[in-house]
Amino acid sequence: MEYLTYWSYIPPVLLVLFALFISPCTAEESTSFLRLNPSMHTEMINRIDLDAAEEVLATASDDKTVRLWDLLDGGRLYRVLRPPIGIGNEGKLFAVAMSPNGYQVATGGWTKGNYRGFGNHNIYLFDASNGEIVNRLVGLENTVLHLDYSPDSKYLAGVLSGSNGIRVWQLPNLTEVFRDMEYTGDSYWVEFSPDSKQLVSSSYDGYIRLYGHDSQKGNWPLLHKKKPEIFKDKLPFAVRFSPDGEKIAVGFTDSAQHVPARVAVMATKDLSLLYWAKIPDQVEKSDLFVTAWSRDSEFLYGGGGYKKDSMLNVLQWSNAGENTIPTAWPTAWNTIMSLRTLANQRVLYVDSTPNWGVLDSDGKEILGHHRETVYFNKIFPDGLLVSKDAQVVQFELDTSLDQKTLNQKTPMRFSLPERRLFEVDHEVLEVPDTSVPTSVDSTPEHLEISETQHYPIKNREMSEAPDTTTPTAVVSPAPEHLKVSEVQRYLIEKGLFSGPVDNLMGPLTSIAIKKFQQVMNLPPSGNLDQPTMTTLLAEVRLVKKQEVFPPTLTAPDWRLNPGKTLHILN
């Protein structure tokens, strides 16, 4: 297998000639990408790993970063590892492994670098102390889905998607010592045994494979390959050795939803099925595809899509899951992607929101890091609401930033003229009756906009315009006009309106207009009727002539929770 240091064996002259041919590609690889850099991941966390001392947590994400967290210092983020990235999927990380001593981190996923053809994915190896890439495994046929270091630090194993199977590299020189490509499905997990003498993998072809280390030949021949008939309609995902090395827990995703979710426990010696760790009946959804063992092998844990009372649960079985009913710990609102156990019966979980946290022996969260970006993965009853002039959109989003405020809905508006996002001061919107379709004259821009009349867009398909009620708009035949936001700025300058400048004709704006009409001896309707608009245009021209028209108001620092800044993702 090729890796970075092979350049040192090529004569300098050939290197110069080769560089002349590849210079366009290297230029493209050096393209910079502007990225948000909050302290927490911005997209789903796919995999996690720990060093042997349980001091450092590594998390790999679709946001194209690996983040290192100091578990001894309250889970403080202290390093962000950034592999080469590109447009689209390039750089999404599906796998991460940390060497037992915590010095090195391996990661992979959709990592093709500048290569645009089939295959040739990379595994990047980072120095955890400074965040630099120190080596690279190249030429992998497909995306890397899981990585694992052996506990004795002598080997690194990885499994790939498609029918590309498993690889094992010897450390520290990263020499490939074994591969098995007799797979006919994606492989999502590979793990060394606690004594580093065996290796187990799962595959969507239905097989669990166990390999043993041949110390004389230095490779990993296949010992057992089992696909019990009882696995029908189940796709093996996670395979985890018990700390005593005697059992293997298998988590599954179900190809048939009617199949009850269970965790299989197999004997390491021959991959025979020992028993099923069962779950309680009558749950909303019950995929269990990630598993973990307590350090004393007494407790078995499962998670994934086990949903009860609208929350995803971590299950804890005593007696290693044999003939016991599990305890359910309500943990997250979204899919649990990984589980790892710590000392003192603690459990570390990651969900797809993304969040990660540590649960104590009773399932209570004692440490957590939760997303800092707003969460749009919910369709609330009113959907997306649009003002009549299409200048303002309103939507509800989940702004909860910790477990105590999960599923907290906040109505928000974005004003296009103001380039501003702000929270709405009321929660319930009155959606117009959509039974009578009509058309809207879009030529005039100074339409009266009612704060309680919006166009509901309940789905994402924009090919058909939504039905709307007849707008309560007053259209001026005058060629000149003012937007509501301009009227609001003028009224603020005159001390008749306190804001915000949101281009919405709400109750406060209407009251301010009524005050203006009274001052100007106009009928106090509170609407932007023809006489009011004509008078406003004259007043604004006068103000502009005197060069005292107020500038665009500075947007306030909208914060949803103290100390947490709202990030907007594209």
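Nothing here was measured: the structure is a model prediction, and the numbers come from that model. (Residues numbered from 1 in each chain as written. Predicted model: local features only at pLDDT ≥ 70, side-chain atom pairs only at ≥ 80, totals over all residues. Heavy atoms only, no water.)

**As for the sheet that holds strand S4 (residues 76-81)**
Move 1: Spatially, the 4 strands line up as an open sheet ordered S1-S2-S3-S4, and their pairing is antiparallel. Of all strands in the sheet, those with a lone pairing partner are strand S1 (45-50) and S4, marking the two edges. Neighbour to neighbour, the strand axes of the sheet diverge by 25° on average, direction disregarded.
Move 2: Relative to strand S3 (residues 66-70), strand S2 (residues 56-61) runs antiparallel, the two sharing 5 bridges. Bridge pairing links Thr59 to Arg67 in S3. (Pairing = 2+ DSSP bridges. Helix = DSSP H or I, 4+ residues; strand = E, 2+ residues; numbered from the N terminus. Axes fitted to C-alpha atoms, helices over the stretch in contact; angles between N-to-C directions.)

**Digging into the environment of Arg240**
Move 1: As for its placement among the helices and strands, Arg240 is situated in strand S17 (residues 234-241).
Move 2: The spacing of Arg240 and Gly251 is 11 residues in sequence and 8.7 Å in space, taken between C-alpha atoms.
Move 3: In contact with Arg240, not counting residues within four places along its chain, are Trp189, Glu191, Lys247, Ile248, Ala249, Thr291, Ala292, Trp293, Leu339 and Arg340.
Move 4: Reaching out from Arg240, the side chain makes a polar contact with the backbone oxygen of Thr291 at a distance of 2.8 Å. (Contact = heavy atoms within 4.5 Å. Polar contact = N/O pair within 3.5 Å; in protein donor to acceptor, adjacent residues only side chain to side chain.)

**Overview of helix H3 (residues 507-519)**
Move 1: The end-to-end C-alpha separation of H3 is 19 Å, in line with the 18 Å expected for 13 residues at 1.5 Å each.
Move 2: If you check which residues of H3 are buried, you get Thr509, Ser510, Ala512, Ile513, Phe516 and Gln517. Down the axis, H3 shows its buried residues gathered within 160° of arc, on one side only. Facing away from the buried side of H3 by over 90 degrees, the exposed positions are Pro507, Leu508 and Val519. (Expected span 1.5 Å × (residues − 1). Buried < 20%, exposed > 50% of the residue type's maximum accessible area, 1.4 Å probe, protein only. Arc of directions from axis to C-beta.)

**Here we look at the nonpolar core**
Move 1: Within the largest apolar cluster, 29 residues are counted, with the highest numbers of intra-cluster contacts made by Ile248, Val250, Tyr301 and Leu339.
Move 2: The element best represented in this core is S17, accounting for 4 residues.
Move 3: Counting 15 residues, the second-largest nonpolar core is a separate cluster that includes Ala97, Leu156, Leu160 and Leu171. (Core = buried A, V, L, I, M, F, W, Y, C linked by side-chain atoms within 4.5 Å.)

**So, the packing of aromatic side chains**
Move 1: Under the counting rule described, the total for this entry stands at 11 aromatic pairs.
Move 2: Taking 4.9 Å as the distance between ring centres and 45° as the angle between the ring planes, the aromatic pair formed by Tyr188 and Tyr204 counts as tilted. In this pair, Tyr188 sits in the loop between strand S12 (175-180) and strand S13 (189-192) while Tyr204 sits in the loop between strand S14 (198-202) and strand S15 (208-212), placing the two residues 16 residues apart along the sequence.
Move 3: Looking at Tyr204, the relative accessible area reads 25%, which means it is partly exposed.
Move 4: Ring centres of Trp189 and Phe237 lie 6.2 Å apart, and the angle between their planes is 55°; this geometry places the pair in the tilted category. Here Trp189 is found in strand S13, whereas its partner Phe237 is found in strand S17, with 48 residues between them in sequence. Taken individually, Trp189 and Phe237 each receive the classification buried, so the pair is uniform in this respect.
Move 5: Within the aromatic cluster, the residues linked to one another by ring pairs are Tyr188, Trp189, Tyr204, Phe237 and Phe289.
Move 6: Here Arg262 stacks its cationic end above the ring of Trp276, 4.4 Å away from the centre of that ring. (Phe/Tyr/Trp six-rings, centres within 6.5 Å; stacked < 30°, edge-to-face > 60°. Lys NZ or Arg CZ within 6 Å of the ring centre and 35° of its normal.)

**Quick notes on the side chain of Arg167**
Move 1: For Arg167, the position within the fold is in strand S11 (residues 166-170).
Move 2: Residue class for Arg167 comes out buried when judged on its relative accessible area of 1%.
Move 3: A distance of 2.7 Å separates a polar side-chain atom of Arg167 from the backbone oxygen of Asn164.
Move 4: Contact partners of Arg167, with chain neighbours within four places excluded, come to Leu140, Glu141, Leu156, Ala157, Gly158, Leu160, Glu176, Phe178, Arg179 and Met181.

**Considerations on the pairing of S4**
Move 1: Judged from the 5 bridges that link them, S3 and S4 form a sheet pairing that is antiparallel. Each residue of the ladder has a partner; that of Arg67, found in S4, is Val80.

**Some points on the pattern of salt bridges**
Close approach of charged atoms lets side chains of opposite charge pair.
Move 1: Scanning the model with the defined rule gives 11 salt bridges in all.
Move 2: Taking the shortest distance from any N to any O, the salt bridge between Arg76 and Asp73 comes out at 2.7 Å.
Move 3: Judged by relative accessible area, which is 39%, Arg76 ranks as partly exposed.
Move 4: Of the charged contacts in the structure, one is a salt bridge between Arg209 and Asp205, with a shortest N-O distance of 2.9 Å.
Move 5: For Asp205, a relative accessible area of 9% translates into the label buried. (Salt bridge = Lys/Arg side-chain N within 4 Å of Asp/Glu carboxyl O.)

**Considering the packing of helix H2 (residues 484-493) against H3**
Move 1: Remark: H2 packs on H3, axes separated minimally by 11 Å, with the N-to-C direction vectors making an angle of 60°. When the axes of H2 and H3 are compared, the pair comes out oblique. Relative to H3, the crossing made by H2 is left-handed. Here Val484, Val487, Gln488, Tyr490 and Leu491 of H2 lie close against H3, whose contacting residues are Thr509, Ala512, Ile513 and Phe516.
Move 2: Tallied by class, residues from the contact of H2 with H3 come to 7 nonpolar, 2 polar and no charged. (Parallel < 35°, antiparallel > 145°, perpendicular 65-115°, else oblique. Left-handed = near helix turned anticlockwise from the far one by under 90°. Nonpolar A, V, L, I, M, F, W, Y, C, P; charged D, E, K, R; others polar.)

**Regarding unusual backbone geometry**
Move 1: Between Leu171 and Pro172 the backbone carries a cis peptide bond, its omega angle lying at 5°.
Move 2: In this fold, Pro172 is placed in the loop between S11 and S12.
Move 3: With an omega dihedral of 15°, the bond running from Thr353 to Pro354 counts as a cis peptide bond.
Move 4: Among the secondary structure elements, Pro354 is positioned in the loop between strand S26 (346-351) and strand S27 (355-359).

**Concerning the pairing of strand S8 (residues 133-140)**
Move 1: Relative to S8, strand S7 (residues 121-127) is paired through 5 bridges, and the arrangement is antiparallel. If you follow His121 over to S8, its bridge partner there is Leu140.

**Structural notes on the sheet that holds S7**
Move 1: Taken together, 4 strands build an open sheet; the order of strands is S5-S6-S7-S8 and the sheet is antiparallel. Of all the strands in the sheet, the pair left with one neighbour each is strand S5 (93-98) and S8. Recorded for the sheet is a direction-independent mean angle of 20° between the axes of neighbouring strands.

**A short note on the confidence of the model for the protein**
Move 1: Confidence in the prediction of the protein, expressed as mean pLDDT, is 77, and 72% of residues score 70 or more.
Move 2: For the protein, the element scoring lowest by mean pLDDT is strand S33 (residues 455-457), at 29; S13 scores highest, at 98. (pLDDT = per-residue confidence, 0-100.)

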